[in-house]
Amino acid sequence: MSLFTMPKTTGSAHVSNLFTAADNIEWITGKDFIKRYDVPGRSISNAFCVNCGSPVPYISDSDKSLIIPAGVLDSAPDITPQDNIFWGEHASWYEAGIKSKKYDGFPE
């Protein structure tokens, strides 16, 4: 049995990204510490800081969009989720996970 059938990007059920115009970013410092991995056969990428591993914004392959990993924001964005993209690839256990018991930390 093969565990991996295609390149994985998050290791999770989903990832939350904000999409905006490609020119909505100006790197002030640290641009030299960014590494980008373009997922083979996909139109998605992962960009991260080589010093701390934090995901960082990146420009799409088409150069039309700036993609911002929502988890790196210091405060909540002024918008709510609008779309579920790549829904056909969602994990089979996703909805069961949403319905499961919730904890604020690790369960005892």
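Criteria and cut-off values
- Every chain begins its residue count from 1, and numbering advances along the sequence as written.
- A pLDDT threshold of at least 70 governs which residues receive local features in this predicted model, and a stricter bar of 80 or more applies before side-chain atom pairs are shown or counted, although totals over entire chains, interfaces and linings include all residues.
- In computing side-chain properties, one takes all heavy atoms of the structure into account and sets aside hydrogens as well as water.
- Helical segments are the DSSP runs of H or I of at least four residues, strand segments are the runs of E of at least two, and each set is numbered from the N terminus.
- Throughout, a contact is declared for two residues whenever any of their heavy atoms are within 4.5 Å.
- Just to be clear on terms, a salt bridge is a Lys or Arg side-chain nitrogen sitting within 4 Å of an Asp or Glu carboxyl oxygen.
- Throughout, exposure labels follow a simple rule: accessible area from a 1.4 Å probe, protein chains only, divided by the maximum for the residue type, with under 20% read as buried, over 50% as exposed, and the rest as partly exposed.
- Here a polar contact means two N or O atoms within 3.5 Å. Within protein one must be a hydrogen donor candidate and the other an acceptor candidate, and residues neighboring in sequence count only if both atoms are side-chain atoms.
- Ring pairs shown here join Phe, Tyr and Trp side chains whose ring centres sit within 6.5 Å, with only the six-membered ring taken for Trp; geometry is labelled stacked below 30 degrees between planes, edge-to-face above 60, and tilted in between.

A short note on the overall build of the protein chain
- On a plain count of helices and strands, the protein chain comes out with one helix and five strands.
- Helices (α) and strands (β) of the protein chain occur, in sequence order from the N terminus, as β-β-β-β-β-α.
- If you take every contact in the protein chain between residues at least 6 apart in sequence, the share linking residues at least 24 apart comes to 50%.

So, the pattern of salt bridges
- Summed over the entire model, instances satisfying the criterion amount to two salt bridges.
- Its salt-bridge partner being Asp 38, residue Arg 36 comes within 2.7 Å of it at the nearest N-O pair.
- In this structure, Arg 36 engages Asp 61 in a salt bridge whose closest nitrogen and oxygen atoms are separated by 2.9 Å. Taken as a pair, Arg 36 in strand β2 (residues 34-38) and Asp 61 in the loop between β4 (58-59) and β5 (65-69) lie far apart in primary sequence, 25 residues in all.
- When its relative accessible area of 46% is taken as the criterion, Asp 61 is described as partly exposed.
- Each member of the salt-bridge network shares a partner with another, and the members are Arg 36, Asp 38 and Asp 61.

A closer look at unusual backbone geometry
- Of note, Asp 63 is a non-glycine position whose phi angle comes to about 65 degrees, a positive value.
- Structurally, Asp 63 can be placed in the loop between β4 and β5.
- Exposure remark for Asp 63: the relative accessible area of 57% places this residue in the exposed category.
- Positive phi values are uncommon outside glycine, yet Phe 86 reaches one of about 60 degrees.
- By secondary structure assignment, the location of Phe 86 is in the loop between β5 and α1 (94-99).

Examining the side chain of Ser 60
- Along the chain, the position of Ser 60 falls in the loop between β4 and β5.
- Within the structure, the side chain of Ser 60 is placed 3.1 Å from the side chain of Ser 62, a separation counted as a polar contact.
- There is a polar contact of 3.4 Å between the side chain of Ser 60 and the backbone nitrogen of Lys 64.
- The contact partners of Ser 60, leaving out residues within four places of it in the chain, are Arg 36, Ser 65 and Ile 67.

Side note on the packing of aromatic side chains
- The full count for this structure, using the stated rule, is one aromatic pair.
- Between Trp 87 and Tyr 94, the aromatic rings sit 5.9 Å apart at their centres with planes inclined by 90 degrees, giving edge-to-face as the arrangement.
- On the basis of relative accessible area, Trp 87 is assigned to the partly exposed category, the value being 39%.

By themselves these figures say nothing about function.
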